[in-house]
Amino acid sequence: MWIQRDVELAPRARGFHLVTREIVDGVPELGRLRLGLAHVLLQNTSASLTLNENASPDVRRDFSAWFDRAVPEGAEYWRHTLEGPDDMPAHIKTSLTGSGLTIPVRDGRLALGTWQGIYLCEHRDSGGARRALVTAFGEAAG
Amino acid sequence: MWIQRDVELAPRARGFHLVTREIVDGVPELGRLRLGLAHVLLQNTSASLTLNENASPDVRRDFSAWFDRAVPEGAEYWRHTLEGPDDMPAHIKTSLTGSGLTIPVRDGRLALGTWQGIYLCEHRDSGGARRALVTAFGEAAG
Amino acid sequence: MWIQRDVELAPRARGFHLVTREIVDGVPELGRLRLGLAHVLLQNTSASLTLNENASPDVRRDFSAWFDRAVPEGAEYWRHTLEGPDDMPAHIKTSLTGSGLTIPVRDGRLALGTWQGIYLCEHRDSGGARRALVTAFGEAAG
């Protein structure tokens with residue numbers, strides 16, 4: 001059984017956001033997979049996906065604090081500046097966290113750890129809606 | 001042919017540890033896959049997985065040296081500090097290395113490069129046992 | 001339908017290089033997949049793969065600028081120095097970007113975003129040819 005779905009993620013402010021629910025709701029067929037894998041590709045190059053702690057908003061705020069310091073805007077070594085000061089740091093942050101996630105499916109649900117959730121890492125000030133392509137496959141429930 | 005197995009990884013000290021053997025031993029059915037893929041998800045948010053050099057212990061020690069400097073404990077910008085000074089840096093390090101790995105299987109074995117091994121990246125001082133969920137699938141050997 | 005192919009990537013200078021075409025050309029059977037996934041594992045520990053912007057060469061030059069500053073050669077904390085000053089930073093950079101990519105396939109083509117391409121991240125001064133193992137599977141076109 002194969003599933004492939006385009007899921008548009010609503011526009012968000014720069015920062016790290018929990019989108020587990022938005023992705024699962026976008027692929028209702030996941031509920032029919034008894035055992036399998038789901039892959040999510042974010043089809044953009046200035047926003048990314050990662051798994052991390054799904055509870056405290058402070059964790060997500062601290063992600064922004066660290067990434068903004070580690071990959072600074074306005075550094076003298078940037079050459080690619082014509083799309084704005086947040087653009088080139090966004091590309092680097094995207095590759096540090098990654099554009100894709102593979103997640104096991106068990107009994108129709110994403111088999112994440114208790115404290116794991118999917119973060120949309122929005123690295124632009126005004127990134128707009130983002131495109132996720134979800135591909136899932138496995139054994140259908142009987 | 002589908003395989004899904006929970007593999008508990010023994011508790012380890014903070015640092016980077018080779019766990020290829022522990023994971024392979026936890027999924028004996030891998031030996032029956034002629035051609036396929038194995039996915040490993042670490043179901044925690046303060047430890048992670050990566051592929052890297054499987055020989056020199058100095059390489060793994062240098063991983064600790066770099067990550068501890070790049071994501072410092074006690075920085076003034078951390079807000080999420082109530083779970084201890086090693087907790088928030090552990091979350092960031094987890095997303096820098098990643099929670100999941102997909103590895104090809106060929107003739108019943110993980111098709112890693114000669115020098116590649118699976119690292120458990122334990123970012124907490126006392127992280128305890130860690131949970132890996134292994135999902136593998138492919139064509140069974142005849 | 002399963003496909004597994006070794007693809008040798010030509011030697012490149014240290015830096016970030018677009019290799020989407022080289023990988024696709026190395027696996028002509030991808031064209032027969034109507035719907036599926038392709039996984040690429042780079043079987044080395046001092047070069048890596050990532051998805052990022054496929055247009056401006058300045059973006060790729062800025063990747064080098066940032067990574068070379070973030071993971072410096074010659075730091076006093078490196079112990080693993082016997083393979084040259086570029087070796088240990090190469091291992092760290094490899095784990096920051098990752099050794100593997102999973103990419104959806106739709107109608108015989110990699111379903112990347114408009115601006116996404118596959119980067120070979122060559123972290124050594126003289127890394128030589130690199131080995132990619134491509135594993136793809138899915139439903140064949142009728």
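Residues numbered from 1 in each chain as written. Chains lettered and ligands numbered in written order. Predicted model: local features only at pLDDT ≥ 70, side-chain atom pairs only at ≥ 80, totals over all residues. Heavy atoms only, no water.

What about the packing of helix H2 (residues 57-70) of chain B against helix H3 (residues 87-97) of chain C?
- Between H2 of chain B and H3 of chain C, whose axes approach to 10 Å, the crossing angle comes to 70°. Of the possible angle classes, the one that applies to H2 of chain B and H3 of chain C is roughly perpendicular. Judged by the twist between their axes, the crossing of H2 of chain B over H3 of chain C is right-handed. Contacts between H2 of chain B and H3 of chain C pair Val59, Asp62, Phe63, Trp66 and Phe67 of chain B from the former with Met88, His91, Ile92, Ser95 and Leu96 of chain C from the latter. (Axes fitted to C-alpha atoms, helices over the stretch in contact; angles between N-to-C directions. Helix = DSSP H or I, 4+ residues; strand = E, 2+ residues; numbered from the N terminus. Parallel < 35°, antiparallel > 145°, perpendicular 65-115°, else oblique. Left-handed = near helix turned anticlockwise from the far one by under 90°. Contact = heavy atoms within 4.5 Å.)

A closer look at the relation of the copies chain A and chain B
- Overlay of chain A on chain B (RMSD 0.0 Å): rotation 120°, translation along the axis 0.0 Å. Such a turn and shift between the copies fits a three-fold axis. Of every C-alpha in chain A, the one belonging to Leu96 of chain A sits nearest the axis of rotation, 3.3 Å from it.
- Counting the interface residues of chain A, we find that no more than 10% of their copies in chain B are interface residues as well, pointing to two distinct contact surfaces. (Least-squares fit on C-alpha atoms with pLDDT ≥ 70 in both.)

Here we look at the interface of chain A and chain B
- Listed by partner, the interface residues are 31 residues for chain A and 29 residues for chain B.
- Summed over both partners, the interface of chain A with chain B buries about 2600 Å², with 61% contributed by carbon and sulfur atoms.
- Our enumeration of links across chain A and chain B arrives at one salt bridge.
- Put simply, Arg106 of chain A and Asp6 of chain B hold a salt bridge, and the shortest N to O gap is 3.3 Å.
- Of all elements in the fold, only strand S3 (33-42), strand S4 (47-53), helix H2 (57-70), helix H3 (87-97), strand S5 (100-106) and strand S8 (130-140) of chain A reach the threshold of two or more residues within the side of chain A that touches chain B.
- A per-element tally of the side of chain A that touches chain B places H2 of chain A first, with nine residues.
- Within the side of chain A that touches chain B, the residues separate by chemical class into 15 nonpolar, nine polar and seven charged. (Buried area = accessible area lost by both parts, 1.4 Å probe. Salt bridge = Lys/Arg side-chain N within 4 Å of Asp/Glu carboxyl O. Nonpolar A, V, L, I, M, F, W, Y, C, P; charged D, E, K, R; others polar.)

Regarding the pattern of salt bridges
Residue and element names in this part refer to chain A.
- Per the stated rule, a full pass over the model turns up 42 salt bridges over all chains.
- Among the salt bridges present, the one from Asp87 reaches Arg124, with a minimum N-O distance of 2.8 Å. With a gap of 37 residues between them, Asp87 in helix H3 and Arg124 in the loop between strand S7 (116-122) and S8 connect regions that are remote in the sequence.
- The buried category is assigned to Arg124, whose relative accessible area is 16%. (Buried < 20%, exposed > 50% of the residue type's maximum accessible area, 1.4 Å probe, protein only.)

Some points on the interface of chain A and chain C
- Taken residue by residue, the interface counts 29 residues in chain A and 31 residues in chain C.
- Both faces considered, chain A and chain C share a buried interface measuring about 2600 Å² in area, 62% of it formed by carbon and sulfur atoms.
- Run the count over chain A and chain C and you get one salt bridge.
- If you look at where chain A meets chain C, you find twelve residue pairs in polar contact (both at pLDDT 80 or more).
- For the side of chain A that touches chain C, the secondary structure elements donating two or more residues are strand S1 (2-9), S3, H3 and S8 of chain A.
- Among the elements that take part in the side of chain A that touches chain C, H3 of chain A stands out by supplying six residues, more than any other. (Polar contact = N/O pair within 3.5 Å; in protein donor to acceptor, adjacent residues only side chain to side chain.)

Overview of the pairing of strand S8 (residues 130-140) of chain C
Residue and element names in this part refer to chain C.
- For S8, a buried count of eight out of eleven residues is recorded, marking the element as mostly surrounded by other parts of the structure.
- Here strand S1 (residues 2-9) pairs with S8 via eight bridges, running antiparallel. Paired with Ile3 across the strands is Ala136, a residue of S8.
- Pairing between strand S3 (residues 33-42) and S8: nine bridges, direction antiparallel. (Pairing = 2+ DSSP bridges.)

Some words on the nonpolar core
- Formed by 45 residues in total, the largest nonpolar core has its most connected members in Leu96 of chain A, Leu96 of chain B together with Leu96 of chain C.
- In this view, Leu96 of chain C contacts Ser95 and Leu96 of chain A, Trp66, Phe67 and Leu96 of chain B together with Phe67 and Val71 of chain C; residues no more than four positions away in its chain are not counted.
- Counting residues in hydrophobic clusters, the runner-up holds 25 residues, among them Leu42, Leu101, Ile103 and Leu112 of chain C. (Core = buried A, V, L, I, M, F, W, Y, C linked by side-chain atoms within 4.5 Å.)

Thoughts on the sheet that holds strand S2 (residues 15-18) of chain B
Residues and elements named next belong to chain B.
- With respect to topology, three strands assemble into an open sheet ordered S2-S7-S4, the strand pairing being antiparallel. The sheet is open, and its two edges are formed by S2 and strand S4 (47-53), each paired on a single side. Here the average twist between neighbouring strands, direction ignored, is 35°.
- Note: S4 against strand S7 (residues 116-122), seven bridges, orientation antiparallel. Directly across from Thr50, in S7, lies its bridge partner Tyr119.
- Helix-sheet contacts for H2 involve S2, S4 and S7, and the interaxial angle to S2 is about 150°.
- Along the sheet, helix H3 (residues 87-97) makes contact with S4 and S7, crossing S4 at roughly 45°.

Structural notes on the side chain of Arg130 of chain C
- Its location among the elements puts Arg130 of chain C in strand S8.
- Separated by 3.2 Å, the side chains of Arg130 of chain C and Ser46 of chain C make a polar contact.

So, the relation of the copies chain A and chain C
- In screw terms, the move from chain A to chain C is a rotation of 120° and a rise of 0.0 Å along the axis, fitting with an RMSD of 0.0 Å.
- The fraction of interface residues of chain A whose copies in chain C are also interface residues is only 10%, indicating that the copies meet through different surfaces.

Concerning H3 of chain A
Residue and element names in this part refer to chain A.
- Counting buried residues along H3, eleven of its eleven residues qualify, which places the element largely inside the surrounding structure.
- Of all the residues in H3, the buried ones are Asp87, Met88, Pro89, Ala90, His91, Ile92, Lys93, Thr94, Ser95, Leu96 and Thr97.
- The positive-phi residue at the C-terminal boundary of H3 is Gly98, with phi of around 105°.

Quick word on the sheet that holds strand S7 (residues 116-122) of chain C
Residue and element names in this part refer to chain C.
- Spatial strand order, S2-S7-S4: three strands in an open sheet with antiparallel pairing. The open sheet has two free edges, formed respectively by strand S2 (15-18) and strand S4 (47-53), since each of these has just one partner strand. Strand after strand, the sheet turns through a mean of 35° between neighbouring axes, direction not considered.
- The strands touched by helix H2 (residues 57-70) are S2, S4 and S7; relative to S2, the strand with the most contacts, the crossing angle is about 150°.
- In this fold H3 packs onto S4 and S7, with an angle of close to 45° to the strand it touches most, S4.

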